[in-house]
Amino acid sequence: MRKTVFWSLVALALLASAPVWAGGGKQGQAGAAPAGPVSIPAGQSVSQNTDITAAVTVDFTTMDPQDTSDTLSGGIQRLIMDGLFGFDDDMKVINLLAESYAANDNATEFTFTLKKGISFTDGTPWDADAFIANIKKWDDKSMRLKRTALLSDVIDTWEKINANTVKIKLTGPFGALIPTLAHPACVIMSPKQLAKGVEVCANQPVGTGQYEFVEWTRGDHLTIRLKKDWWGYDSARTGGKPLAEKDAGFKSITFKPVPEGATRTAMVQAGDAKIMWTVPPESIKVLQADPSLTVGVRRSLVTYYLWLNNQKKPFNDKRVRQALNYALDRNALIAVVENGIGSVANAIIGPDTQFAKEMPLIPYDVAKAKQLLAEAGYPNGFSTTIMGPNTSTNTKTLEFFQQQYAQLGITIQNKLMESAITNQRVQDATGPGSEVEVEMYLSGWSSSTGDADWAIRPLFATASFPPLNYNLGYYSNPKLDGLIRQGLVSADDEVRRKAYSEAQDILWDELPVVPRHIANIAWVTTNKIINVSNFPDGAINLRAGRMAP
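Residues numbered from 1 in each chain as written. Predicted model: local features only at pLDDT ≥ 70, side-chain atom pairs only at ≥ 80, totals over all residues. Heavy atoms only, no water.

K.L.:
Just checking my understanding: could you explain the overall build of the protein for this structure?
P.N.:
When helices and strands are counted, the protein shows 16 helices and 25 strands. Radius of gyration (C-alpha) of the protein: 23 Å, near the 24 Å computed for a compact globule of 549 residues. Each of the three principal axes of the protein carries a C-alpha extent, and together these read 70 × 55 × 40 Å. When each of the 549 residues of the protein is scored for burial, the buried share is 61%. Nonlocal contacts in the protein, meaning residues at least 24 apart in sequence, comprise 73% of its contacts between residues at least 6 apart. Surface summary for the protein: the accessible area is close to 19,700 Å², and the carbon and sulfur share equals 50%. In the protein, 54 positive and 56 negative side-chain charges are present, and the distance between their average locations comes to 2 Å. (Helix = DSSP H or I, 4+ residues; strand = E, 2+ residues; numbered from the N terminus. Rg over C-alpha atoms; globule rule 2.2 N^0.38 Å. Buried < 20%, exposed > 50% of the residue type's maximum accessible area, 1.4 Å probe, protein only. Contact = heavy atoms within 4.5 Å. Areas by Shrake-Rupley, 256 points an atom, 1.4 Å probe, with all protein chains shown as cover. Lys, Arg positive; Asp, Glu negative; His and termini not counted. Charge placed at Lys NZ, Arg CZ, Asp CG, Glu CD.)

K.L.:
Sorry if this is basic, but what is going on with the packing of helix α9 (residues 318–326) against helix α11 (residues 366–375) here?
P.N.:
For any two helices packed against each other, the geometry comes down to the angle between their axes and how far apart the axes lie. Direction vectors running N to C along α9 and α11 enclose 165°, while the axes themselves pass 8 Å from each other. As summarised for this structure, α9 and α11 are arranged roughly antiparallel, according to the angle between their axes. When you trace α9 past α11, the crossing you get is left-handed. Judged by residue contacts, Arg319, Val320, Gln322, Ala323 and Tyr326 of α9 engage Val366, Lys368, Ala369, Leu372, Leu373 and Glu375 from α11. Of the residues belonging to the contact of α9 with α11, the class tally is seven nonpolar, one polar and three charged. (Axes fitted to C-alpha atoms, helices over the stretch in contact; angles between N-to-C directions. Parallel < 35°, antiparallel > 145°, perpendicular 65-115°, else oblique. Left-handed = near helix turned anticlockwise from the far one by under 90°. Nonpolar A, V, L, I, M, F, W, Y, C, P; charged D, E, K, R; others polar.)

K.L.:
Is there a simple way to explain unusual backbone geometry in this structure?
P.N.:
As a rule of thumb, non-glycine residues mostly have phi less than zero, and peptide bonds are mostly trans rather than cis. In this structure, Thr278 follows Trp277 across a cis peptide bond, with omega equal to -5°. Among the structural elements, Thr278 can be located in the loop between β15 (275–276) and α8 (284–288). Note that the residue after Lys313, namely Pro314, is joined by a cis bond; omega there is 0°. Along the polypeptide, Pro314 turns up in the loop between β16 (293–308) and α9. The phi dihedral of Arg144 falls on the positive side, at around 55°, and the residue is not glycine.

K.L.:
Honestly, the packing of aromatic side chains in this entry has me stumped. Any pointers?
P.N.:
Any two aromatic rings considered together are summarised by their centre-to-centre distance and by the angle between their planes. Tallied over the entire structure, the rule returns 24 aromatic pairs. Here Trp126 and Phe131 contribute two aromatic rings whose centre-to-centre distance is 6.0 Å and whose plane-to-plane angle is 50°, an arrangement assigned as tilted. One exposure class covers both Trp126 and Phe131, and it is buried. Considering the side-chain rings of Phe355 and Tyr500, the 6.0 Å spacing of their centres and the 25° angle between planes classify their relative orientation as stacked. With a gap of 145 residues between them, Phe355 in the loop between β17 (343–344) and α11 and Tyr500 in helix α16 (residues 493–510) connect regions that are remote in the sequence. In this structure, Phe355 and Tyr500 share a single accessibility class: buried. Grouping aromatic residues by their ring pairs yields a cluster made of Phe85, Tyr101, Phe110, Phe112, Phe120, Trp126, Phe131 and Trp138. We note Arg78 situated over the ring of Phe535; from NZ or CZ to the ring centre the distance is 4.9 Å. Over the ring of Trp216 we find Arg218, and its NZ or CZ is 3.9 Å from the ring centre. (Phe/Tyr/Trp six-rings, centres within 6.5 Å; stacked < 30°, edge-to-face > 60°. Lys NZ or Arg CZ within 6 Å of the ring centre and 35° of its normal.)

K.L.:
Even after reading the chapter, I still don't get the nonpolar core, so can you show me in this structure?
P.N.:
Grouped burial of nonpolar side chains is what soluble globular proteins tend to show. By size, the foremost hydrophobic cluster in this structure holds 121 residues, and its most contacted members are Phe112, Phe131 and Phe255. It is helix α2 (residues 128–139) that contributes the most residues to this core, six residues altogether. Once you skip the residues sitting within four places of it in the chain, Phe112 turns out to touch Leu84, Phe85, Ser100, Tyr101, Phe131, Asn164, Thr165, Val166, Ile168, Leu177, Ile178 and Leu181. (Core = buried A, V, L, I, M, F, W, Y, C linked by side-chain atoms within 4.5 Å.)

K.L.:
Just checking my understanding: could you explain the pattern of salt bridges for this structure?
P.N.:
Between side chains of opposite charge, a pair can form when the charged atoms approach closely. Counted by the stated rule, this structure contains 23 salt bridges. Note that Asp64 is salt-bridged to Lys137, the shortest N-O span being 2.8 Å. Of this pair, Asp64 sits in the loop between β5 (51–56) and α1 (71–80) while Lys137 sits in helix α2, placing them 73 residues apart in sequence. Judged by its relative accessible area of 7%, Lys137 falls in the buried class. As a salt-bridge pair, Lys357 and Asp505 come within 2.9 Å of each other at their nearest N and O atoms. Here Lys357, found in the loop between β17 and α11, pairs with Asp505, found in helix α16; they are 148 residues apart in sequence, far enough to count as distant. Exposure remark for Lys357: the relative accessible area of 26% places this residue in the partly exposed category. (Salt bridge = Lys/Arg side-chain N within 4 Å of Asp/Glu carboxyl O.)

K.L.:
Even after reading the chapter, I still don't get the pairing of strand β21 (residues 513–526), so can you show me in this structure?
P.N.:
Strand residues, when the strand is regular, have side chains that alternate between the two faces of the sheet. Buried residues dominate β21, accounting for 13 of its 14 residues. Alignment of β15 against β21, held across two bridges, turns out to be antiparallel. Within β21, the residue paired with Met276 across the bridge is Val524. Here two bridges tie β17 to β21, and the two strands are oriented antiparallel to one another. Bridging from a neighbouring strand, Val344 pairs with His517 of β21. (Pairing = 2+ DSSP bridges.)

K.L.:
Would you mind going over the pairing of strand β10 (residues 155–162) with me for this structure?
P.N.:
The pairing of β10 with strand β11 (residues 165–170) spans six bridges and is classified as antiparallel. From the neighbouring strand, Asn162 faces β11, where its bridge partner is Thr165. Between β10 and β11, which pair antiparallel in sequence order, lie two residues.

Quick look at the structure:
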């Protein structure tokens, strides 16, 4: 076998514009204070002696990476559990628990050599047996976990070669295996914890990460605690540059879900929270003007959608779906709801995703929308509902859609609710799409592998209906399914590009969703904190965080 790099998507280093920071009304680097950048000499950070609070938008859904469909929960799991691979600040793939790998020429067999001398926080050694215990869970469809589809159709067999080497054979060529293994769903949990069942995994994760799980009181807080002996601080174990400075990280981090944007803003302004994300668009200018804070902004992989249940009337008619797309003034939505932060969605997936294809912009054309609705048999509109987490931004978005679609005679009832309830009633729904509760739904998606496969397959494949995955619109198209399969099993970039190009053409014509906008991510810290940001997929990046005295 030869050492290979199939994923040309390591060019993801360029997939997002570099983050821009502002503090006290000035432009500068992360941690900029009014008088200039904060400078923390080596070993002088006080963060490892400091407990901090971080205000987040919604509650977490689960701590089981294989059952996680939201970026917030996955981002925290990355801190508790390491994967074989992960991402650097710009989402270039890096080795974590994997020392190295080799693959055959057609990308159907991968052999992984694992790092030695690393243990889970429960004392279990990281070795081939621990890896295989996780592979078995990844491949177990009977558990019906939301991220099983990530690898269950890819993995065929596995073999322990020795205590630190495992060979995996795939069902066919899959050139994107390595960045897929860097997805947060593939972080590694202790086999002792896996053996206790999915309920324990969902509530008490155990990993090899920089932090260990302490407690989670749903709806109130989740706390993690720093491990000063984390292997990632040791350059001998990382194989070169350490993953973080020896004095990076915080003694503990308590994440508090605060759906109301004004309340989150007040918390960080008062110092009750040292970190806050996401940032309400309407608060960015106020926070940038605060000399005690630093605001960071970067373009993301996240595309926001209005989901439409394609198996319920009237959304089972393509003309209705097209009408809803024509009747949305996306520029106005970005201006009104996002305070001008973001860009119009001109593709079905984020433009920085591998193999994304730019499409003709959908014009704002109310007359065309009315014509299409009349042709579909709804000349006077119809009544429907919108579900989603009851954040302040979602409330504004709902009101915007109500105003826009009222021009078509469409009335929309507000069914926003607490995120855990929404997840249960939408993402965990069982049964055919024609019988579930959801009609319209507000949420976004980012491909946390950076690849088109994970931007399309979870959202639009027939096999991805809830609760197995995130096809919340219950869209089904056999031709699309075939193209997704072509892109999934090929190691040839040109074959994959062609398959995903045709897939995106179908989706742009069928419009099973209303693509809204591409998000810019914003986060806030006290200006004494440096090296905290967001990954391009929207997850918080705290690994290298340090605090000045």
